[in-house]
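Topology and contacts: notes
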Amino acid sequence: MSENGKAKHIELPASITVRALAQTISASPIEVIKALMANGVMANINQNIDFDTAAIVAAEMGYEATLETTEETAAEDLGELPYWRKVIAKESAEKLVDRPPVVGILGHVDHGKTTLLDAIRNTSVAVGEVGGITQHIGAYQVVRNGRIITFLDTPGHAAFTAMRARGAQGADIVVLVVAADDGVMPQTREALAHAKAAKVPIIVAMNKIDRSNANPERVKRQLSEVGLTADDWGGDTMIVPVSAKQKLGLDDLLEAILLVADDMDIRANPKGTVIGSVIEAKRDRAKGVVATLLIQNGTLSTGDVVLAGTAYGRLKAMFDYRGNKVQQATPSTPVSVMGLSDVPEAGQLFQVVASERDARLIANETLQKQKEALNANRSKISLEKIFEQFKSGEVRELRLIIKADVQGSLEPIMSLLNDLSREEIGINILHAETGTIGENDVMLATASDAIIIGFSVQADPAARKLAESEGISIRLYDIIYRLQEDIEKALKGMLKPQEKLVVLGRAEVRATFKIPKVGFIAGCYVNEGEIRRNAKARVVRAGQNIFEGDFASLKHLSEDVREVRHGFECGIGLRNNQDIKVGDIIECFTTELVPVS
């Protein structure tokens, strides 16, 4: 209350995080969380609550809240920015200062990512850094023309995706490494899909330019075909020839990074809210939990209480990327820290909280919510839900990952989908490639809330399991007009329930027998789920379906049985099918009517 007894007036946006609300009404996040719980709302410190809920909490704290005007709300419409970027966007403009750009390096295996990182790092040491590189902490900094550049030294797409999936998106710029003698490869396309989904600028480092069979023009042509047209070809992508092995072109690459950074608004408030991302973490026998943190706003100090998901603790010590002990770390600085209670996940956002007690309460609440979410199962990102979210203003595009059996199938599908894109909901194809649906596809879908479309291909077992645990929808088609119908219905919001195939189990054929008057019998081992006599059967050979029909017989140790479970052997006969070979997979399935997804 104000001195005259009247409630203080504040303006709140249509949506606000618990942390931001606590700052606005000068209360601790714990007080706000308790008030929300008293009103039947469970929310953690990073979760958004709507205006009505925030206004109720504010009123209990002595504030009268009104909704921000349309102009103000529109000015603060931050779209799909990662949470930490939203924090910076809400800082006072006059307090923001330039920070070093953070660069992630992606590319196809064996195209020289690690060699390039080492070459840049060693060059930086050679030109004047003291002490050398004494430890590897997942990130490091180099100096170019008196300006610092931070590199994320985390291998593979997995960590990059994990950061985006958890709202961190640590990189400001991505360097895509492509070998001049090899060109655009499948993993190059995957890496590009991850970079585009992160919506960050891309610089191409054309590595191995010193090779006798290097063909820069061919690589440029291939890059233009995937949407990266070189600036000297009239495009807007900087393609820098380099040789990590010969240390050629490294200065040009660093200059290109700084040029791109100059065109971006890479700023932060060193005195503002302390927030950042976990780059990597491990448990050391001698030191306990050691985590690499990248500060993205504010200044982290030794002695601060840090909360990262369900891990928390007071920082006992901090070290820079060279192993030197430091007391403070400013925005875009990577540090290795000790003192956390548990190993946080890569990509997890961290923040500084008032006390260990507050951190423990919030961490316990987060853990409880994770358990509840796990028990309830994450709802799938379905075609139907995409349209529902569009109507509520949550999404404006249908994100797809396309996998097809051959290039001849992929091209007409891409053309078809581009033609179907509507003004109301656009179609954004994050990645399109030939081949089986794998874990990388599911990871990209998880990070981007996308749907996976497979045409005449299957998902491998690991991808199916990951998709099920992450709630990712994989839709498989063999007929292109069926795919077209479903996408059209999704864009029109007219999806109706359909028959869905549910795989009950899989058995591997380990031997075949021909029995007179009976036919072929497959000696099988059930390696997943269970095989049921009254269900349907499907034979899969080399990823292709070659038969679908009924079971003629199912035996275990010469006994006729109704079902055989995982870990047991069985004999399987299929009605009207004599084509069974060792190595085939026999799938047992049923169909059920479910909402289309």
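Look above for the structure.
Residues numbered from 1 in each chain as written. Predicted model: local features only at pLDDT ≥ 70, side-chain atom pairs only at ≥ 80, totals over all residues. Heavy atoms only, no water.

Structural notes on the packing of aromatic side chains
Worth spelling out the cut-off: A pair of Phe, Tyr and Trp rings is counted when the ring centres sit within 6.5 Å of each other, with Trp represented by its six-membered ring. The angle between the planes then sorts it: under 30 degrees is stacked, over 60 is edge-to-face, the rest tilted. Helical segments are the DSSP runs of H or I of at least four residues, strand segments are the runs of E of at least two, and each set is numbered from the N terminus. Throughout this description, buried means an accessible area under 20% of the type-specific maximum (1.4 Å probe, protein chains only), exposed means over 50%, and partly exposed covers the range between. In this scheme, the term charge over a ring applies when either NZ of a lysine or CZ of an arginine sits within 6 Å of the ring centre and within 35 degrees of the ring normal.
Inspection of every chain in the model, using the stated rule, returns one aromatic pair. Here Tyr 140 and Phe 151 contribute two aromatic rings whose centre-to-centre distance is 5.7 Å and whose plane-to-plane angle is 25 degrees, an arrangement assigned as stacked. You can see Tyr 140 sitting in strand E7 (residues 139-144) and its partner Phe 151 sitting in strand E8 (residues 147-152), a full eleven residues away along the chain. The same class applies to Tyr 140 and to Phe 151, which are both buried. A cation over a ring is seen here: Arg 121 above Tyr 140, with NZ or CZ 4.7 Å from the ring centre. Arg 538 extends its terminal NZ or CZ atom over the ring of Phe 589, reaching a point 5.5 Å from the ring centre.

Considerations on the packing of helix H8 (residues 186-197) against helix H14 (residues 439-448)
As a reminder, the rule being used: To define axes, lines are fitted to C-alpha atoms, for helices over the stretch in contact only, and angles between the resulting N-to-C directions are given on a 0 to 180 degree scale. Each angle is binned into one of four classes, with values under 35 degrees roughly parallel, values over 145 roughly antiparallel, values of 65 to 115 roughly perpendicular, and all other values oblique. In what follows, residue pairs with any heavy atoms lying within 4.5 Å of each other are defined as contacts. Any residue that is not Ala, Val, Leu, Ile, Met, Phe, Trp, Tyr, Cys, Pro, Asp, Glu, Lys or Arg is counted as polar, Gly included; the first ten are nonpolar and the last four charged.
Packing of H8 against H14 leaves a shortest axis separation of 11 Å and a crossing angle of 5 degrees. Relative to H14, H8 is oriented roughly parallel. Across the interface between the two elements, Glu 190, Ala 193, His 194 and Ala 197 of H8 pack against Asn 440, Leu 444 and Ser 448 of H14. Counted by class, the contact of H8 with H14 contains three nonpolar, three polar and one charged residues.

Focus: the sheet that holds strand E23 (residues 397-404)
Basically, it comes down to this: At least two bridges found by DSSP between two strands are what make those strands a pair.
As summarised here, the arrangement of the four strands in space is E24-E23-E25-E26, forming an open sheet in which the pairing is parallel. Single-partner strands in this sheet number two, and they are strand E24 (426-434) and strand E26 (474-477). Strand-to-strand, the axes of this sheet are offset by a mean angle of 25 degrees, without reference to chain direction. Two strands pair when backbone bridges link them, and E23 and E24 are joined in this way by eight bridges, in the parallel orientation. Within E24, the position partnered with Ala 404 by the bridge is Thr 434.

Looking at H8
The line we're drawing: The span one expects for a helix is its residue count, reduced by one, times 1.5 Å.
Counted at 1.5 Å a residue, the expected span for H8 with its twelve residues is 16 Å, and the 17 Å between its end C-alpha atoms agrees. Burial in H8 covers these residues: Thr 188, Glu 190, Ala 191, Leu 192, Ala 193, His 194, Ala 195 and Ala 197.

Overview of the pattern of salt bridges
Going by this rule: Here, a salt bridge means any Lys or Arg side-chain nitrogen found within 4 Å of an Asp or Glu carboxyl oxygen.
Going through the model one piece at a time under the given rule, you end up with 25 salt bridges. For Glu 255, the salt bridge identified is with Arg 144, shortest N-O distance 3.1 Å. Taken as a pair, Glu 255 in helix H10 (residues 250-262) and Arg 144 in strand E7 lie far apart in primary sequence, 111 residues in all. Judged by relative accessible area, which is 18%, Arg 144 ranks as buried. Across the pair Glu 530 and Arg 532 runs a salt bridge, and its minimum N-O distance is 2.6 Å. The buried category is assigned to Glu 530, whose relative accessible area is 14%.

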